[in-house]
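# Chain and residue survey
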Amino acid sequence: KEALLKMGLLPAELTASLGVPPECGIAAEKLPQADPAPYGMARWTTPRWADDVPRCRWVLSFILQVLARAEVYQLSYGTDGWIQLRALFWRFPQLQEASFGTVHWVARLAVKDPTRAVEAKIVNGYVSVRRVSGAQRLQAFVEDYASSFDPDTELSVAELMSNSHVKKLFNGSELPQGRPLLELIRSCALFEIDPKATALRLRPAAERFRLGLEQLFRQPPAALHGRLSERGTVSLSWLLRTFAHQLLGNLRFSPQQALEALSPSQELILNPKTLAVEPRGQLSLPESLADVPASRERMIYMSLTHGGRRRPQLHDQTWIQPAFGGLDFRIVRKLREILDFYMHPFSIQHNALLRHGAEQGSWAWPLKRLASQLPRVEVILAPVDLSLMPRLLQALCEEPGEYMEIVSNVLTKQPLVKPRYTPDFRMPVVRSSESWVPKHFAANYEERPQIPDDAAVILSYNLLCKQGPDHLALQSSGTEAFLRAPRLARQRWRFRVMRQLVAYQPDIICLQHVEAELSSPFCSRTEGMTGPVKLAKGGHLLNEIIKKLEEEDFDWCAAPGSTDWANAVFWKRSKWCLQNWDGFEGNKQVSLVPAMAMTDREPLTIGNMAAQCEKDFGENLESMQAMLPPWESASVLCAASGIDISDGARDILKKKGLQFRSAHKEVLGHELPWTEIVDDQLRCSDGVWIREPLTALAVLDGHKPHRNATGEICRQTMPADHLLSLVVVQSRGMLPNSMDLCMQ
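Report on the accompanying structure.

Criteria and thresholds
- Residues numbered from 1 in each chain as written.
- Predicted model: local features only at pLDDT ≥ 70, side-chain atom pairs only at ≥ 80, totals over all residues.
- Heavy atoms only, no water.
- Phe/Tyr/Trp six-rings, centres within 6.5 Å; stacked < 30°, edge-to-face > 60°.
- Buried < 20%, exposed > 50% of the residue type's maximum accessible area, 1.4 Å probe, protein only.
- Helix = DSSP H or I, 4+ residues; strand = E, 2+ residues; numbered from the N terminus.
- Lys NZ or Arg CZ within 6 Å of the ring centre and 35° of its normal.
- Salt bridge = Lys/Arg side-chain N within 4 Å of Asp/Glu carboxyl O.
- Polar contact = N/O pair within 3.5 Å; in protein donor to acceptor, adjacent residues only side chain to side chain.
- Core = buried A, V, L, I, M, F, W, Y, C linked by side-chain atoms within 4.5 Å.
- Contact = heavy atoms within 4.5 Å.
- Pairing = 2+ DSSP bridges.
- Axes fitted to C-alpha atoms, helices over the stretch in contact; angles between N-to-C directions.
- Parallel < 35°, antiparallel > 145°, perpendicular 65-115°, else oblique.
- Nonpolar A, V, L, I, M, F, W, Y, C, P; charged D, E, K, R; others polar.

Using the criterion set out here, one finds twelve aromatic pairs in the structure. For the pair Phe-100 and Trp-105, a centre-to-centre distance of 5.4 Å together with 85° between the ring planes defines the contact as edge-to-face. Among the residues examined, Trp-105 registers a relative accessible area of 27% and is labelled partly exposed. With a centroid separation of 6.4 Å and an interplanar angle of 80°, the aromatic rings of Tyr-403 and Tyr-421 are classed as edge-to-face. Here Tyr-421 lies in the loop between strand S13 (415–419) and strand S14 (428–430) and Tyr-403 lies in the loop between helix H22 (389–398) and strand S12 (404–408), a separation of 18 residues in the sequence. Overall, Tyr-403 belongs to the buried group, its relative accessible area being 11%. The exposure class assigned to Tyr-421 is buried, which follows from its relative accessible area of 11%. Through a chain of ring-to-ring contacts, the aromatic side chains of Trp-363, Trp-365, Tyr-403, Tyr-421 and Phe-425 assemble into a single cluster. For the cation-ring pair, Arg-376 lies above Phe-341, with the distance from its terminal atom to the ring centre recorded as 5.2 Å. The ring of Phe-346 carries the charged tip of Arg-496 above its face, separated from the ring centre by 5.0 Å.

Take a look at the structure:
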C-alpha cells in the first residue's frame, strides 16, 4: 500500500476509503451522468412484437428514474418536491418525443397508473409531478383494500398480503427491510392497528364516517376546498355522493344515521334542517392543489385563470401559433363548434344558465357573458389578443354554425350569439309567492335553495319508444352519424335521457315504460340491504339510469310491466325516507316521509302507472285505487294513459273513485297542448294529478300547440316520443298573494 501511494497509482476515492488523505492519490475523472434508459432503451421505439414495452410504461419508468436522482440531473425541486413537467421536457427531449410533447397526456397517465408511484397536480398554474414514497403507497393500498370489508372486521397479515399491490411493494426495496408489515402501517379513520400487531380491525360504521369526515375537513381535496372557501358549509348529499367509497365503502347512510354519527364530533356540525355540514370553530383551510382534469381544455382553462388572472403564455404554443394574419383559424373552428353545441335546442332547454340567461325579450346571449359563465368558451377566448377580436368575429360571421350565428347589439354594438332557428322552449310557470320556487328553476346547482319538507319537485317521464330506441337515436344524432357509429349514437341518446332526469333537480322521479328486464318488483331499500344493488355493466336503459341516479343520491324501486319494460320510482335519499311500497303488474305505489322532519308528518304517497290503451288504463286505475290510501291524504298520481286525456281526465278518474285534479290545469288553466308524438300526430296522453291537501305551485309548460309534429326543432329538445312532466307541489292550501309568472 505504501509503495502504491508513493507512486500515486491509487485514485482519491480509494485513498479515502483506506484512511489516507485524498491529496496523496490521483483525482478520479468525473464522467457525465448518462440519461435514463428504461428497459435498455435510451429512446422509445415503436413495438414490433406483442411483448414489447408499451409507450406508457416506458414514459412512467423514465420519469421515476429521473425523480429518484433529480439532483444528479441538475433539476431543482419546487415546494414539497414538485417538478414541472415542462422542465422535464426541456431537459430530456427523448421524453418529450415519447409523450407527444403533451403535459396533459403524461399527467393523466400518472393519475391512472395502478402503482401510484407518481403524483400529478397543478401547482401555481403548471402541471407538476413528484415521486410518492413507498410508505405512502403502502398506506393507500391497504386502505383501499380494507374499505371493501364490513365494519368491525379483522384483517390478518396473510389477508393483506393477498393483495398483489401490497405484496409487491412489501417484497420490494422501497420499504425498510426486516420490519413487520403492520409496523409500516398507521391507524386511520378506516381502521386501527391491533396492539398485538397481528391484525387490522376495521372501525364501526358510525366512527368511520365521523373520523373520515373530520379528516376530509382538516385536509380537504381540491373539490371540497373550493366549496368550503366559498360558503364554509357543504351539503351532506354532495359529500356522500363524492366521497362515498372513502367514507362508507359499500355501506349506505340515511340522513338520520349521519346526524347520529356526527353528534359526538368536536369538529363538525350537521344542520338537521338544511343537511349541511360545517366546522364548529373558525374555518382555517390549508392550501390545496388542483387535480389534473380529464379534459385538456379544462386543464388549460385552470392554468389561464390561476390566481384570478389570465396567463396566455401557459397555453400550448401549437394552439396559439399565429397564422393567416395573426389569427389561428383553428381557434375560430373550435369556438364555432363549442358555440354550436351550446346553441343546440337540447342544450338550451336543459341548461339553466342558457334557459334563463338570455337578453331580456330575445333569445340572444352576449358573447362576453358566455365567456364568463362557460369555461369551455373562456379557454378559447383567453389567449386571443384584443386587437384580433374583430378579425375573429368576422371569421365567425363569414361561416355561421349549424345552430348559431353572431349578430350585433344595436345599442351597445357588442357581439351576441343567437340560434338560427325559431326558439320553441318549455319554460317554468310559477303560481306562488314562495321565493324558493322560481330560484329552484333559474339558479345553477350551487345556488339552488333548499326544498321545504312539505314540498316536492316531481318529474314524470314516459320512455315508451314505439319505433325502438335505434329510431330515436337516429333522429337525435342524424342519419350520417348513426350509420357511421351506431353504438356511439345509441349511447349519446341515452346520455340525453339521463341528462333530462337531473337537469331540473327533482327530488322524486317517476318513469314509465323504461326498457328493463325484471322478473319481479324490486326495491333498493329491501330489508337487510346495506349497499347499492349490483347491476350488470351496460345492458338495458333502466340499468344505466339506476347507476346514474344512485350517484346523484337516489334510492329506487321498480316493478315489471312486461318482459321488456318496467315502471320505476326514484327519490332523493337526503330528502325522503321510504315508509312502505307496493307493486303489481307495473303499477307502483311508494309512501315517503321527510328524512329530517322534526315532528311526525303525514307521508307523501306516489302512484306510478302506465297503460297502452283505454281498457288497460281503466284496469290500471282500479289496481292503483287498491294501493292508494282510501282517505284523502297527500297523494300524487303520475300516469301514462296511452289515450288522449286532454279534456276528460278528471271524469275518468272520478268514475274510478279517485278524487284527483290535474296539476297542470291548476297552474296553467289547461292541460299541456300535447305530450306525445304518435304516428306524426300530437296528443296529450301523460299527466300528473294531485289531491288534497296538496296544491301545485309550478309546472313546466309545453311546446307551442301549432308546431309541426315532425319539425326538427321541438323534436331535438326531446329525445323520446313523450315530453316529461315537471310539477312542484306543497302540502298546504293555496298561498295568499299568489301570482302567475312565466320565467323567461
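So, about the pattern of salt bridges. Here the idea is simple: oppositely charged side chains can pair when their charged atoms come close. Inspection of the entire model under this criterion finds 23 salt bridges. For Glu-666, the salt bridge identified is with Arg-661, shortest N-O distance 2.4 Å. The exposure class of Glu-666 is buried, given its relative accessible area of 16%. It is possible to trace a salt-bridge network through shared partners that takes in Asp-152, Glu-192, Arg-201, Arg-203 and Glu-207.

Within the secondary structure, Arg-683 sits in strand S26 (residues 681–683). Engagement of the side chain of Arg-683 in a polar contact is seen with the side chain of Glu-676, the distance being 2.8 Å.

Now for the nonpolar core. Membership of the largest hydrophobic core comes to 40 residues, with the highest contact counts inside it found for Tyr-461, Leu-463, Ile-545 and Phe-570. In this structure, Ile-545 is in contact with Leu-463, Met-498, Leu-501, Leu-511, Val-514 and Phe-570, ignoring residues within four places of it in sequence.

On to the pairing of strand S28 (residues 694–700), then. Counting buried residues along S28, seven of its seven residues qualify, which places the element largely inside the surrounding structure. By the bridge criterion, five bridges tie S28 to strand S29 (residues 725–731) in an arrangement that is antiparallel. Opposite Val-699, over in S29, you have Val-727 as the bridge partner.

All right, on to the packing of helix H3 (residues 55–68) against helix H6 (residues 103–112) then. Between H3 and H6, whose axes approach to 11 Å, the crossing angle comes to 90°. For the element pair H3 / H6, the angle class is roughly perpendicular. On H6, the residues that touch Arg-55, Cys-56, Val-59, Leu-60 and Ile-63 of H3 are Trp-105, Val-106, Leu-109 and Ala-110. Taken together, the residues of the contact of H3 with H6 sort by class into eight nonpolar, no polar and one charged.

Once that is clear, we can look at unusual backbone geometry. In this structure, Pro-693 follows Glu-692 across a cis peptide bond, with omega equal to 5°. Examined against the element boundaries, Pro-693 turns out to sit in the loop between strand S27 (686–691) and S28. Even without a glycine there, the phi angle at Arg-116 is positive, about 55°. Within the secondary structure layout, Arg-116 lies in the loop between H6 and strand S2 (118–123). The phi dihedral of His-513 is positive, around 55°, even though this residue is not glycine. Here His-513 falls in the buried class, since its relative accessible area comes to 4%.

Another aspect to go through is the environment of Ala-358. Along the chain, Ala-358 turns up in the loop between helix H19 (352–355) and strand S11 (365–366). Between the alpha carbons of Ala-358 and Lys-418 there is a distance of 9.1 Å; along the sequence they are 60 residues apart. For Ala-358, the residues in contact, after removing those within four places along its chain, are Trp-363, Ala-364, Trp-365 and Arg-369.

If you walk across this open sheet you meet the six strands as S20-S21-S22-S23-S27-S24, and the pairing is mixed. Single-partner strands in this sheet number two, and they are strand S20 (576–584) and strand S24 (661–662). Where S20 meets strand S21 (residues 587–594), eight bridges bridge the pair, whose relative direction is antiparallel. By the bridge assignment, Asn-580 is partnered in S21 with Ser-591.

For the rest of this paragraph, the subject is the sheet that holds strand S10 (residues 290–291). Reading across from one edge, S1-S3-S2-S10 is the order of the four strands in this open sheet, with antiparallel pairing throughout. In this open sheet, the two edge strands, each paired with only one partner strand, are strand S1 (83–84) and S10. One ladder, built from two bridges, connects S1 with strand S3 (residues 126–131); its direction is antiparallel. Within S3, the position partnered with Gln-84 by the bridge is Ser-128. Packing against the sheet, H3 makes contact with S1, S2 and S3, and its axis sits at approximately 75° to S3.

Honestly, it's all geometry; don't read function into it.
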